[in-house]
Structure formats: structure tokens, C-alpha cells
Amino acid sequence: MTLRAIQLTNTLSGKKEELKTSQPGKLTFYSCGPTVYGLIHIGNLRSALVADLFFRYFQRVGYEVIYVRNYTDVDDKIILKGHEENLLASEVAKKYTLEVEKDFAVAGLLEPTHKTTVTTHIEEIIVLIQKMIEHGNAYVADGGEVLYSISSFPTYGKLSHKRIDDLIAGIRVEVTSKKRNPLDFTLWKPAKLGEPSWDSPWSKGRPGWHIECSAMASRWLGDQIDVHHGGEDLIFPHHENEIAQSEACSGKEPFVKYWVHNAFLTLSKEKMSKSLGNVFTAREFLTRFSGEVARYLLLSVHYRSMIDFSLETVEQALNALQRIYEAKARAVELKNQSRVRSDLRAESMWGSFAASCEKARMEIDENFAHDMNTAGALAALFSLIREFNRTLAEPFAQATPSAVLAAQELIRIMEEEMGSVLGIGRLVPENALKDFGRIRASLSDIFQDSYVKEKFRERLSENAIQIAIEARIAARNAKDFAKADFIRKDLESQGVLIQDAPTGTTWQYK
Ligand code: AMP
Ligand code: ZN
């Protein structure tokens, strides 16, 4: 079987390349999933939907895909959240994994082949770190911390296309660092009191962030994988480090054949991110609007272009979906009509519509194959819908056998050519249209100034702040200045400034 030739923009080469998997007909696909310490926002949802888009498309063109998506279920933010919510880190991770999965289900994400977590891959992680130490790519520092030595990996920087010197200039060098090179990164860190930890040859501790993806990818997909996806913020350092780790362990190059990265979702041109506090949660979006509106809004723009979230983008998504479903409703009606008679003029008009269907089908196919150009594919569908509406407006064009065939073909294009890839257009039109009415009615109050301000600038509760401040004081008393500093910065990123005075620590909202 020959598979559809697909072009992808590979971050590694910076160019569009034709996809050629290591094993014909099979495709291994890894996507970096969320850190589970809270509800995801619609920027995270964009990233998850882009992975879903690739997964659906690879399958549609005939690949047998093994798709792995991970949950980062142990990390500083999860531990801190545990302090705030009086839960164990593992309870925090479990709680928010469930919440994220609810959102993913409403947004219509297909289930990956494997959903993995860090805490179930500790053994694999330890084996990889051991290999890196043996190969001279990692070293054990004081206190049982293990660091990756980037000077042992001559091609470091190849994904982000940066020179090591420039990378060093861009990072903050810690004074107390045990690093031989400022870019060296942690593979294993000793646990502090009360933190989740596992035994290892170096210390009782836990893995650094980057090693998890190398371990999970090799466990489920092998040493070399075909396509790896993530948001563009992950190119450096996360994916650069994944390459350094995986290639050092296996001795095989490349770890990943094609790296694909989606652009950000922004709010007033600023990246939507928890640390900036400008988030609109996926939960809120999905409850107030719908899974389809989310899919349309987040997938109708090319995955490598930025989306600035606003009232207008929601309205555009609604209008576009409405046009699709109104045409679908007409097509369903036409298809189901009972009395059909031939008409020569109608035959000829629908004949040319059939040719347009074929053209649209080809354009949709071409656009998807050309670096997943969803916007181009949708443009082809809308041009077909316009012609359908025009043809249908002719009084003699209805209730003919060729009209019935045309209606069937339009529905097929909507549901299969477009719908199976984008995951839209497959609902019963009456239901979808009714739902748009509900959404439209509530749009204006959702985007009212005061509401937006309140929602987008959600504040930490005073109780949570007090707990974090106490945790910071405890860390300082234990001379754990890194943790104290982390807590201060984390609070700051959530809009809370703290000040130390001889009488104690005070705080204020930014
Ligand atoms: P995190 O939970 O921060 O590790 O993020 C999970 C995924 O969401 C990663 O692939 C990120 O690159 C992606 N991501 C985070 N913020 C945004 C954003 N504003 N727009 C698009 N993707 C994002
Ligand atoms: Zn990752």
C-alpha cells in the first residue's frame, strides 16, 4: 500500500520535509502532555488538540500509529500545590489528572495508545541515568544530585539552532550551583524532607523534568521515534535536553526524525500561561461554549501560527460552525426527501457541483498533506458550501435524483474528509444549531470587561498565600534557599509580592 505523501515542518531542520517513517506503514508519535497541578488552560488545550489532529490525520491516511502522551505527575509545582491544598503530591496529581481527562473528553480528544506517568517509570529513568553516567554524559555532584554534562554532547543546541555560548548568555547562573557548565541540567535530585522520593544509587530523590520523556519514549516507542510534538516553549530546553539524553543513552541518531511544535495561544498578544496569571481555563471554555467551538477555534488556524484569544475569535468560530451546520441541515433534508423527479437543468447544475465536490475533496487532501494546513482545507469546504447554497437556491434544482446524490456527497465530505481529521461537523445539525443559540446568548456577558478582568486575573486565596509563606519560612530555617526562592518566585508569578522585614514577612497583590 502506498501512503499519502505528507509534508511536515521539522523544527530540527527548520524546513518542510516529506514524512518517511522508519517502518513503512507504522508511525511512532510522542507528545508532551500537561503537568497536573491544576486545571489546564485553553493554551494547553490547543497543544493537546494539535497532537490529536496529527494523531487523527496519520491514522486517516493509513498509518498504524502508536501514540504516547504523558502526564507529568511529580514536580515542584505539584508539591507546592500539595502544601496549599493540604494533600500529598500524588493526590494532587491524581485529582488533576482526572480533571484534565474530563476536559479532554469534552473536547473530543481520541485516547492515545498509551497514557504514561513519571511515577510509573522511575525504574526506566534510573537505568537511563546510570547509562549516561557510564557513558561519561552525566556526573554525580555533592548530595547525590546527578547532572547531565552538556559539554559531553557536541551537538547540543541543534534543535533550537542556538550556539552554546548564546544559550549560556540567556540563562540565569545560580551562585550556589554544583554545575560544571551553567547549561548542565538535573537528571536526579535528592528529595527534601516531606517530598516524594524513590531510592536510587545516588540519593533518595526524584527525577528532573526532562528525563521523564526520554524514558517514556524509549519504553513505549523504542530508541528512535518518528514524530515528536509539543508547544514551541518546549523546544528549549526541554526537547533539546531530551535529544541530549536519548542520543547519549542509545548511541543512535536521530532520537526523533520529525519535531513538530505548535505556536502559542495568546491573550492580548501575551502568551497564555499560569505563571503570568492570564488564563482562561479549558473547563470554563468548554462549559460556557462547547467542545466543537473549542476545536474549531483552536484548530482552524494553522498549528504554527499564533492565535490571539478574544470575543472575535469565539464569534468567528461560532459563525463558521453555524455555516457548516446550516448547510448540513439543508443537505440532510434534501437527502431524505421522498418525492424525487428528474429535471434536465437540475442534472446539469448538480453535475457541475459534483465536479466541485471532487475538486474540494482534492484541495482538502492537499492542504492537510501540506504541513496540516487546516485553514486551507476549511477554505475549500466553505467554497463548496457557497456553491451548494447557490445551486440549492434555484427553484428547479431541488427534489431531483442528482440533488440527492449531491447532498450525500457534501455530507460525506463534511463528516469524513474534514470531520474525521478536525473532529467537527459530525453532530446532528438541529442539535448543533440549537446549542449555538445558547452560546450566542451568553457571549456578551462572558466578555464583559469586569467579568474578563476577574476571570483572567484569578487571585490566589489569602489562605493559600499564608501557607506558601509558612512553607518558605520553614525552607529558609532549614537553609533550603533554593526552595525558599522557588516559593517566592512562584507566588510572584501568581500575582503576589512578598517582602521580608525584621518583624516578619508581609505580602500584597501585584
Ligand atoms: P505544561 O503543563 O506547562 O507542561 O504544558 C502542556 C503543554 O501545553 C505543552 O506542550 C506546552 O508547550 C503547551 N502550552 C502551554 N502554554 C501554551 C500556550 N499559551 N499556547 C499553546 N500551547 C501552550
Ligand atoms: Zn516532554
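Residues numbered from 1 in each chain as written. Chains lettered and ligands numbered in written order. Predicted model: local features only at pLDDT ≥ 70, side-chain atom pairs only at ≥ 80, totals over all residues. Heavy atoms only, no water.

1. A word on the coordination of the zinc ion (ligand 2)
Phase 1 of the analysis: The coordination sphere of the zinc ion (ligand 2), as far as protein atoms go, consists of Cys32 (SG), Cys213 (SG) and His238 (NE2), spread over 2.1 to 2.2 Å.
Phase 2 of the analysis: Written as a sequence motif, the donor arrangement for the zinc ion (ligand 2) is C-x180-C-x24-H. Of this pair, Cys32 sits in the loop between β3 (26-31) and α1 (42-60) while His238 sits in helix α7 (residues 235-250); the two residues are 206 residues apart in sequence, bridging distant segments of the chain. Here Cys32 and His238 have matching classes, each one buried. (Donors = N, O, S within 2.8 Å, 3.2 Å for Na, K, Ca; no water. Helix = DSSP H or I, 4+ residues; strand = E, 2+ residues; numbered from the N terminus. Buried < 20%, exposed > 50% of the residue type's maximum accessible area, 1.4 Å probe, protein only.)

2. Describing the site of ligand 1
Phase 1 of the analysis: Inspection of the region around ligand 1 gives 17 residues, with Thr35, Ser47, Asp233, Leu265 and Met272 positioned closest.
Phase 2 of the analysis: Separating an oxygen atom of ligand 1 from a backbone N or O atom of Gly231 is a distance of 3.1 Å.
Phase 3 of the analysis: Taking 490 Å² as the accessible area of ligand 1 by itself, protein coverage stands at 89%.
Phase 4 of the analysis: Tallying contributions element by element places α1 first for the shell around ligand 1, with three residues.
Phase 5 of the analysis: The residue inventory of the shell around ligand 1, partitioned by class, reads seven nonpolar, eight polar and two charged. (Near = heavy atom within 4 Å. Polar contact = N/O pair within 3.5 Å; in protein donor to acceptor, adjacent residues only side chain to side chain. Areas by Shrake-Rupley, 256 points an atom, 1.4 Å probe, with all protein chains shown as cover. Nonpolar A, V, L, I, M, F, W, Y, C, P; charged D, E, K, R; others polar.)

3. What to know about helix α6 (residues 211-221)
Phase 1 of the analysis: Taking burial as the measure, the eleven residues of α6 include eight buried ones, the bulk of the element.
Phase 2 of the analysis: Among all positions in α6, only Ile211, Glu212, Cys213, Ser214, Ala215, Met216, Ala217 and Leu221 are buried.
Phase 3 of the analysis: Just past α6, the residue Gly222 takes up positive phi, approximately 100°.

4. Brief notes about the state of the cysteines
Phase 1 of the analysis: Under the definition given, this model contains zero disulfides.
Phase 2 of the analysis: Free cysteine: Cys249, not disulfide-bonded; nearest cysteine sulfur from Cys213 at 14 Å. (Disulfide = S-S within 2.5 Å.)

5. Side note on the environment of Phe236
Phase 1 of the analysis: Of note, Phe236 is situated in helix α7.
Phase 2 of the analysis: Residue classification places Phe236 among the partly exposed residues on the basis of a relative accessible area of 23%.
Phase 3 of the analysis: Dropping the residues within four chain positions of it, Phe236 is found in contact with Tyr156, Ser160, Leu167 and Leu183. (Contact = heavy atoms within 4.5 Å.)

6. Description of the sheet that holds strand β8 (residues 185-190)
Phase 1 of the analysis: Overall, antiparallel pairing links the four strands, which are arranged β6-β7-β8-β9 in an open sheet. Looking at which strands have only one partner, the edges of the open sheet turn out to be β6 (138-141) and β9 (205-207). With strand direction ignored, the average angle separating the axes of adjacent strands in the sheet is 20°.
Phase 2 of the analysis: As paired strands, strand β7 (residues 145-148) and β8 are joined by three bridges and run antiparallel to one another. If you follow Leu147 over to β8, its bridge partner there is Thr186. (Pairing = 2+ DSSP bridges. Axes fitted to C-alpha atoms, helices over the stretch in contact; angles between N-to-C directions.)

7. Considering helix α9 (residues 291-299)
Phase 1 of the analysis: Taken across its nine residues, α9 has nine buried, putting it largely inside the fold.
Phase 2 of the analysis: Regarding α9, the residues found buried are Gly291, Glu292, Val293, Ala294, Arg295, Tyr296, Leu297, Leu298 and Leu299.

8. Quick notes on the domain arrangement of the protein
Phase 1 of the analysis: By domain assignment, the protein separates into domain 1 (7-288), domain 2 (322-442) and domain 3 (462-509).
Phase 2 of the analysis: Between the C-alpha centres of domain 1 and domain 2 the distance comes to 41 Å.
Phase 3 of the analysis: Taken residue by residue, the interface counts eleven residues in domain 1 and 17 residues in domain 2.
Phase 4 of the analysis: By the criterion of area lost to domain 2, the three top residues of domain 1 are Leu53, Tyr57 and Arg60, representing 46% of everything that side buries.
Phase 5 of the analysis: Run the count over domain 1 and domain 2 and you get one salt bridge.
Phase 6 of the analysis: For Arg60, the salt bridge is made with Glu417, and the minimal N-O distance between the two is 3.6 Å.
Phase 7 of the analysis: One can count six residue pairs in polar contact (both at pLDDT 80 or more) joining domain 1 with domain 2.
Phase 8 of the analysis: For the side of domain 1 that touches domain 2, the elements supplying multiple residues, two or more each, are β1 (7-10), α1 and α8 (282-288).
Phase 9 of the analysis: When residues of the side of domain 1 that touches domain 2 are assigned to their parent elements, the largest contribution, five residues, is made by α1. (Domains from an automatic or database assignment. Buried area = accessible area lost by both parts, 1.4 Å probe. Salt bridge = Lys/Arg side-chain N within 4 Å of Asp/Glu carboxyl O.)

9. Description of the pattern of salt bridges
Phase 1 of the analysis: Counting across every chain of the model gives 40 salt bridges.
Phase 2 of the analysis: A salt bridge links Glu101 to Lys115, with the shortest nitrogen-to-oxygen separation between them at 3.0 Å. With Glu101 in helix α3 (residues 89-106) and Lys115 in strand β5 (residues 114-117), this pair connects stretches of sequence that are 14 residues apart.
Phase 3 of the analysis: Assessed through its relative accessible area of 25%, Glu101 is described here as partly exposed.

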